[in-house]
Amino acid sequence: MAKILMVVTGSAVWTLADGTAHPSGYWAEEVSAPYLAFTGAGHEVVVATPGGVVPTMDPASLAPELNGGQENADAIAADLERVTALRQPVALEEVRLDEYAAVFYPGGHGPMEDLAVNAASGALLGAALASGRPLGIVCHGPAALLATEAGGGSPFAGYRVTAFTNAEETQSGFADRAPWLLQDRLVALGVDFQEGQPWAPYVVADRNLYTGQNPASAAPLAADIVKALG
(Lines give C-alpha, C1' and ligand atoms only; values in the text may rest on other atoms or scores of the structure.)
Protein backbone atom coordinates (compact mmCIF):
# COMPACT_ATOMS: atom_id res chain seq x y z
CA MET A 1 0.00 0.00 0.00
CA ALA A 2 1.25 3.46 -0.92
CA LYS A 3 0.36 6.88 0.44
CA ILE A 4 -1.01 9.36 -2.08
CA LEU A 5 -1.13 13.08 -1.40
CA MET A 6 -4.24 14.89 -2.64
CA VAL A 7 -3.73 18.65 -2.69
CA VAL A 8 -7.09 20.44 -2.53
CA THR A 9 -7.88 24.13 -2.79
CA GLY A 10 -8.64 25.88 0.47
CA SER A 11 -10.61 28.68 -1.16
CA ALA A 12 -14.40 28.88 -0.95
CA VAL A 13 -14.62 31.64 -3.56
CA TRP A 14 -13.30 32.60 -6.98
CA THR A 15 -12.91 36.33 -7.56
CA LEU A 16 -14.36 37.25 -10.93
CA ALA A 17 -13.11 40.03 -13.20
CA ASP A 18 -15.60 42.51 -11.73
CA GLY A 19 -14.47 41.74 -8.18
CA THR A 20 -17.45 39.52 -7.33
CA ALA A 21 -16.63 36.69 -4.91
CA HIS A 22 -18.26 33.75 -6.70
CA PRO A 23 -18.94 30.66 -4.52
CA SER A 24 -16.39 28.01 -5.43
CA GLY A 25 -14.07 25.39 -3.99
CA TYR A 26 -13.17 21.89 -5.20
CA TRP A 27 -15.21 19.96 -7.77
CA ALA A 28 -16.94 17.00 -6.12
CA GLU A 29 -16.38 14.31 -8.77
CA GLU A 30 -12.73 15.28 -9.17
CA VAL A 31 -12.17 14.44 -5.52
CA SER A 32 -14.52 11.50 -5.01
CA ALA A 33 -13.75 9.46 -8.14
CA PRO A 34 -9.95 9.51 -7.70
CA TYR A 35 -10.20 8.98 -3.93
CA LEU A 36 -12.32 5.86 -4.42
CA ALA A 37 -10.01 4.63 -7.18
CA PHE A 38 -6.94 5.09 -5.00
CA THR A 39 -8.40 3.58 -1.84
CA GLY A 40 -10.07 0.82 -3.84
CA ALA A 41 -6.62 -0.19 -5.04
CA GLY A 42 -5.45 -0.38 -1.43
CA HIS A 43 -3.70 2.97 -1.16
CA GLU A 44 -4.03 5.56 1.59
CA VAL A 45 -5.01 9.11 0.65
CA VAL A 46 -3.94 12.14 2.68
CA VAL A 47 -5.57 15.49 1.88
CA ALA A 48 -3.54 18.68 2.16
CA THR A 49 -4.82 22.25 1.88
CA PRO A 50 -3.19 25.66 2.31
CA GLY A 51 -3.07 26.25 6.03
CA GLY A 52 -4.75 22.91 6.72
CA VAL A 53 -8.23 24.42 6.35
CA VAL A 54 -11.15 22.06 5.80
CA PRO A 55 -11.90 22.50 2.08
CA THR A 56 -15.17 23.69 0.62
CA MET A 57 -17.01 21.89 -2.16
CA ASP A 58 -18.12 24.02 -5.10
CA PRO A 59 -21.93 23.90 -4.77
CA ALA A 60 -22.30 23.85 -8.55
CA SER A 61 -20.45 20.53 -8.71
CA LEU A 62 -23.53 18.65 -7.47
CA ALA A 63 -26.00 20.43 -9.75
CA PRO A 64 -28.13 17.81 -11.58
CA GLU A 65 -27.73 19.59 -14.92
CA LEU A 66 -23.95 19.31 -14.68
CA ASN A 67 -23.94 15.64 -13.70
CA GLY A 68 -26.32 13.97 -16.11
CA GLY A 69 -29.33 14.24 -13.83
CA GLN A 70 -30.30 14.07 -10.18
CA GLU A 71 -29.58 10.37 -9.78
CA ASN A 72 -25.96 10.72 -10.78
CA ALA A 73 -25.54 13.91 -8.74
CA ASP A 74 -26.86 12.02 -5.71
CA ALA A 75 -24.44 9.17 -6.38
CA ILE A 76 -21.48 11.59 -6.50
CA ALA A 77 -22.67 13.20 -3.26
CA ALA A 78 -22.82 9.77 -1.63
CA ASP A 79 -19.33 8.96 -2.87
CA LEU A 80 -18.04 12.25 -1.50
CA GLU A 81 -19.33 11.34 1.96
CA ARG A 82 -16.86 8.44 1.91
CA VAL A 83 -13.90 10.79 1.47
CA THR A 84 -13.16 11.02 5.17
CA ALA A 85 -9.72 12.54 4.59
CA LEU A 86 -11.39 15.81 3.57
CA ARG A 87 -12.42 16.37 7.18
CA GLN A 88 -8.89 16.22 8.58
CA PRO A 89 -6.53 17.82 6.07
CA VAL A 90 -2.88 18.46 6.80
CA ALA A 91 -1.24 21.81 6.15
CA LEU A 92 0.23 21.97 2.67
CA GLU A 93 3.14 23.99 4.01
CA GLU A 94 4.17 21.08 6.27
CA VAL A 95 4.02 18.30 3.65
CA ARG A 96 7.10 16.14 3.17
CA LEU A 97 7.12 14.77 -0.35
CA ASP A 98 9.26 11.77 0.58
CA GLU A 99 6.34 10.36 2.59
CA TYR A 100 4.19 9.93 -0.54
CA ALA A 101 4.37 7.72 -3.61
CA ALA A 102 2.20 9.98 -5.79
CA VAL A 103 0.62 13.43 -5.81
CA PHE A 104 -2.79 14.39 -7.16
CA TYR A 105 -4.50 17.78 -7.62
CA PRO A 106 -8.26 17.96 -8.27
CA GLY A 107 -9.84 21.07 -9.72
CA GLY A 108 -12.80 23.34 -9.33
CA HIS A 109 -12.34 27.09 -9.78
CA GLY A 110 -10.86 27.29 -6.28
CA PRO A 111 -7.27 26.54 -7.40
CA MET A 112 -7.40 29.62 -9.63
CA GLU A 113 -7.88 31.66 -6.46
CA ASP A 114 -5.26 30.18 -4.13
CA LEU A 115 -3.06 27.43 -5.58
CA ALA A 116 -2.18 29.51 -8.64
CA VAL A 117 -0.21 31.83 -6.36
CA ASN A 118 0.79 29.46 -3.55
CA ALA A 119 4.56 29.18 -3.17
CA ALA A 120 4.44 25.98 -1.09
CA SER A 121 2.33 24.30 -3.74
CA GLY A 122 4.62 25.53 -6.50
CA ALA A 123 7.66 24.09 -4.73
CA LEU A 124 5.87 20.79 -4.13
CA LEU A 125 4.89 20.49 -7.78
CA GLY A 126 8.42 21.15 -8.98
CA ALA A 127 9.83 18.61 -6.54
CA ALA A 128 7.23 15.99 -7.46
CA LEU A 129 7.97 16.42 -11.15
CA ALA A 130 11.70 16.10 -10.59
CA SER A 131 11.26 13.06 -8.31
CA GLY A 132 9.68 10.90 -11.00
CA ARG A 133 6.67 10.17 -8.79
CA PRO A 134 3.32 9.98 -10.60
CA LEU A 135 1.86 13.50 -10.56
CA GLY A 136 -1.79 13.84 -11.57
CA ILE A 137 -3.62 17.15 -12.07
CA VAL A 138 -7.13 17.58 -13.47
CA CYS A 139 -9.44 20.27 -14.88
CA HIS A 140 -8.71 23.64 -13.18
CA GLY A 141 -6.10 21.97 -10.96
CA PRO A 142 -3.33 22.87 -13.46
CA ALA A 143 -3.81 26.49 -12.37
CA ALA A 144 -1.40 25.45 -9.62
CA LEU A 145 1.34 25.14 -12.24
CA LEU A 146 1.37 28.93 -12.51
CA ALA A 147 3.00 29.08 -9.08
CA THR A 148 6.00 27.10 -10.37
CA GLU A 149 7.23 29.97 -12.53
CA ALA A 150 10.41 31.61 -11.30
CA GLY A 151 13.06 33.80 -12.90
CA GLY A 152 14.20 31.01 -15.16
CA GLY A 153 10.70 29.90 -16.16
CA SER A 154 8.74 26.86 -15.07
CA PRO A 155 10.00 23.27 -14.86
CA PHE A 156 6.76 22.29 -16.62
CA ALA A 157 7.61 24.29 -19.75
CA GLY A 158 7.68 21.98 -22.76
CA TYR A 159 5.58 19.26 -21.09
CA ARG A 160 2.42 18.15 -22.85
CA VAL A 161 -0.45 19.27 -20.62
CA THR A 162 -4.21 19.48 -20.81
CA ALA A 163 -6.65 21.36 -18.58
CA PHE A 164 -10.09 22.97 -18.68
CA THR A 165 -10.16 24.63 -22.08
CA ASN A 166 -11.25 28.06 -23.26
CA ALA A 167 -14.07 26.35 -25.16
CA GLU A 168 -15.33 24.67 -21.99
CA GLU A 169 -15.03 27.88 -19.98
CA THR A 170 -17.05 29.64 -22.67
CA GLN A 171 -19.72 26.94 -22.69
CA SER A 172 -19.90 27.04 -18.90
CA GLY A 173 -20.70 30.76 -19.07
CA PHE A 174 -17.61 32.03 -17.26
CA ALA A 175 -15.18 32.99 -20.03
CA ASP A 176 -16.39 36.60 -20.17
CA ARG A 177 -16.46 36.87 -16.36
CA ALA A 178 -13.13 35.24 -15.51
CA PRO A 179 -10.13 37.39 -14.57
CA TRP A 180 -8.06 35.13 -16.81
CA LEU A 181 -8.47 31.92 -18.77
CA LEU A 182 -6.54 28.85 -17.68
CA GLN A 183 -5.65 27.64 -21.17
CA ASP A 184 -4.20 31.03 -22.08
CA ARG A 185 -2.11 31.24 -18.94
CA LEU A 186 -0.75 27.70 -19.34
CA VAL A 187 0.25 28.40 -22.93
CA ALA A 188 2.02 31.55 -21.72
CA LEU A 189 3.79 29.42 -19.09
CA GLY A 190 5.35 27.44 -21.92
CA VAL A 191 3.53 24.09 -21.74
CA ASP A 192 2.55 22.22 -24.89
CA PHE A 193 -1.21 22.52 -24.41
CA GLN A 194 -3.31 19.61 -25.66
CA GLU A 195 -7.06 19.95 -26.24
CA GLY A 196 -9.68 17.22 -26.56
CA GLN A 197 -13.38 17.49 -27.25
CA PRO A 198 -15.28 19.65 -24.75
CA TRP A 199 -16.57 17.68 -21.75
CA ALA A 200 -15.30 14.32 -23.04
CA PRO A 201 -12.72 12.34 -21.02
CA TYR A 202 -9.22 13.31 -22.13
CA VAL A 203 -5.98 12.46 -20.34
CA VAL A 204 -2.46 13.39 -21.42
CA ALA A 205 0.59 11.59 -20.06
CA ASP A 206 4.09 13.02 -20.45
CA ARG A 207 6.76 11.19 -18.49
CA ASN A 208 5.53 11.13 -14.86
CA LEU A 209 2.99 13.95 -15.41
CA TYR A 210 -0.65 13.02 -15.97
CA THR A 211 -3.20 15.75 -16.69
CA GLY A 212 -6.95 15.58 -17.33
CA GLN A 213 -9.06 18.12 -19.18
CA ASN A 214 -12.34 18.19 -17.26
CA PRO A 215 -14.41 16.43 -14.57
CA ALA A 216 -15.05 13.44 -16.83
CA SER A 217 -11.29 12.93 -17.03
CA ALA A 218 -10.81 12.51 -13.27
CA ALA A 219 -11.61 8.79 -13.10
CA PRO A 220 -9.47 7.71 -16.09
CA LEU A 221 -6.59 9.86 -14.85
CA ALA A 222 -6.81 8.21 -11.43
CA ALA A 223 -6.76 4.81 -13.12
CA ASP A 224 -3.53 5.78 -14.87
CA ILE A 225 -1.99 6.80 -11.54
CA VAL A 226 -2.99 3.48 -9.97
CA LYS A 227 -1.46 1.64 -12.91
CA ALA A 228 1.75 3.68 -12.66
CA LEU A 229 2.06 2.74 -8.99
CA GLY A 230 1.80 -0.92 -9.93
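In every chain, residue numbers begin from 1 and rise along the written sequence. Confidence filtering applies because this is a predicted model: local features only for residues at pLDDT of at least 70, side-chain atom pairs given and counted only at 80 or more, and all residues used for totals across whole chains, interfaces and linings. Where side-chain values are given, they derive from all heavy atoms of the structure, hydrogens and water being excluded.

A. Spotlight on the packing of aromatic side chains. Ring pairs are drawn from Phe, Tyr and Trp, using the six-membered ring of Trp, whenever the two centres fall within 6.5 Å, and their geometry is named by plane angle: stacked under 30 degrees, edge-to-face over 60, tilted for the rest. By the definition in use, this model includes four aromatic pairs. Looking at R185, its charged tip hangs above the ring of W180, at a distance of 4.7 Å from the centre. Directly above the aromatic system of Y159 lies the positively charged group of R207, at a separation of 3.7 Å from the ring centroid. A positively charged side chain is recorded as over a ring if its NZ (Lys) or CZ (Arg) lies within 6 Å of the ring centre. The angle to the ring normal must also be within 35 degrees.

B. Layout of the pairing of strand 11 (residues 209-212). We call a residue buried when its accessible area falls under 20% of the maximum for its residue type, exposed when it is over 50%, and partly exposed in between, using a 1.4 Å probe and counting protein chains only. Secondary structure elements are taken from DSSP: a helix is a run of H or I of four residues or more, a strand is a run of E of two residues or more, and numbering for both begins at the N terminus. The side-chain alternation of strand 11 yields two buried faces, one formed by L209 and T211 and the other by Y210 and G212. In terms of strand pairing, strand 7 (residues 135-138) meets strand 11 through four bridges, oriented parallel. Residue I137 lies in a different strand from strand 11, and its bridge partner there is T211. Relative to strand 11, strand 10 (residues 203-206) is paired through four bridges, and the arrangement is antiparallel. Paired with V203 across the bridge in strand 11 is G212. Should DSSP find at least two bridges between two strands, the strands are regarded as paired.

C. Seen up close, the environment of D192. Counting through the fold element by element, D192 comes out in strand 9 (residues 192-193). For D192, a relative accessible area of 37% corresponds to the partly exposed category. As a C-alpha pair, D192 and Y105 span 87 residues in sequence and 19 Å in three-dimensional space. Whether two residues touch is decided by their heavy atoms; if any such pair falls within 4.5 Å, the residues are in contact. Dropping the residues within four chain positions of it, D192 is found in contact with G158, Y159, R160 and V161.

D. Looking closely at the packing of helix 1 (residues 28-40) against helix 2 (residues 70-81). Under this scheme, a helix contributes an axis fitted over its contacting stretch, all axes are lines through C-alpha atoms, and angles between N-to-C directions fall in the 0 to 180 degree range. For the pair helix 1 and helix 2, interaxial distance at closest approach is 9 Å and the crossing angle is 60°. Looking at the two axes, helix 1 sits oblique to helix 2. For the pair helix 1 and helix 2, the sense of crossing is left-handed. Residues A28, E29, V31, S32 and L36 of helix 1 pack against I76, D79 and L80 of helix 2. For classification purposes, angles smaller than 35 degrees are called roughly parallel, those larger than 145 roughly antiparallel, those between 65 and 115 roughly perpendicular, and all remaining angles oblique. Helix crossings fall into two classes, left-handed where the near helix is turned counterclockwise from the far one by less than a right angle and right-handed where it is turned clockwise.

E. The side chain of N67, seen in detail. Among the secondary structure elements, N67 is positioned in the loop between strand 4 (44-49) and helix 2. For N67, a relative accessible area of 6% puts it in the buried group.

F. How the structure looks around helix 1. If you check helix 1, its first and last C-alpha atoms are 18 Å apart, about what 13 residues at 1.5 Å a residue would give, namely 18 Å. Among the structural elements, strand 1 (3-7), strand 4, helix 2, strand 6 (102-105), strand 7 and helix 7 (218-229) are those in contact with the buried residues of helix 1. With its phi angle positive at about 95°, G42 sits one or two positions after the end of helix 1. The span expected for a helix works out to 1.5 Å for each residue beyond the first.

G. Just the environment of A222, in detail. Tracing the chain through its elements places A222 in helix 7. Distance in space between the C-alpha atoms of A222 and I76 is 16 Å, their sequence separation being 146 residues. Excluding residues that lie within four positions of it along the chain, A222 makes contacts with P34, A37 and F38.

H. Summary view of helix 4 (residues 119-131). The terminal C-alpha atoms of helix 4 lie 18 Å apart, and with 13 residues this matches the ideal 18 Å at 1.5 Å per residue to within 8%. Residues of helix 4 that are buried in the fold lie against strand 1, strand 6, strand 7 and strand 11. Pairing of N or O atoms within 3.5 Å defines a polar contact, subject to two protein rules: one partner must be a possible hydrogen donor and the other a possible acceptor, and residues neighboring in sequence count only if both atoms are side-chain atoms. Where helix 4 begins, the capping side chain belongs to N118, and its oxygen is found 3.0 Å from the backbone nitrogen of A120.

I. Structural detail: the nonpolar core. Working definition of a nonpolar core: buried Ala, Val, Leu, Ile, Met, Phe, Trp, Tyr and Cys residues. They are joined through side-chain atoms within 4.5 Å. Of all hydrophobic cores here, the largest spans 40 residues; its most connected members are L5, Y105 and L186. Of all the secondary structure elements, the ones that give two or more residues to this core are strand 1, strand 4, strand 6, helix 4, strand 7 and helix 6 (182-189). Counting residues per element, this core draws most heavily on helix 4, at four residues. In terms of nonpolar packing, the next biggest core, distinct from the first, is built from 25 residues, Y26, A28, L86 and Y210 among them.

J. Highlighting the pairing of strand 7. Here strand 7 shows two buried faces, one formed by L135 and I137 and the other by G136 and V138. In the sheet, strand 6 pairs with strand 7 via three bridges, with the strands oriented parallel. Looking across to strand 7, one finds that Y105 is bridged to I137.

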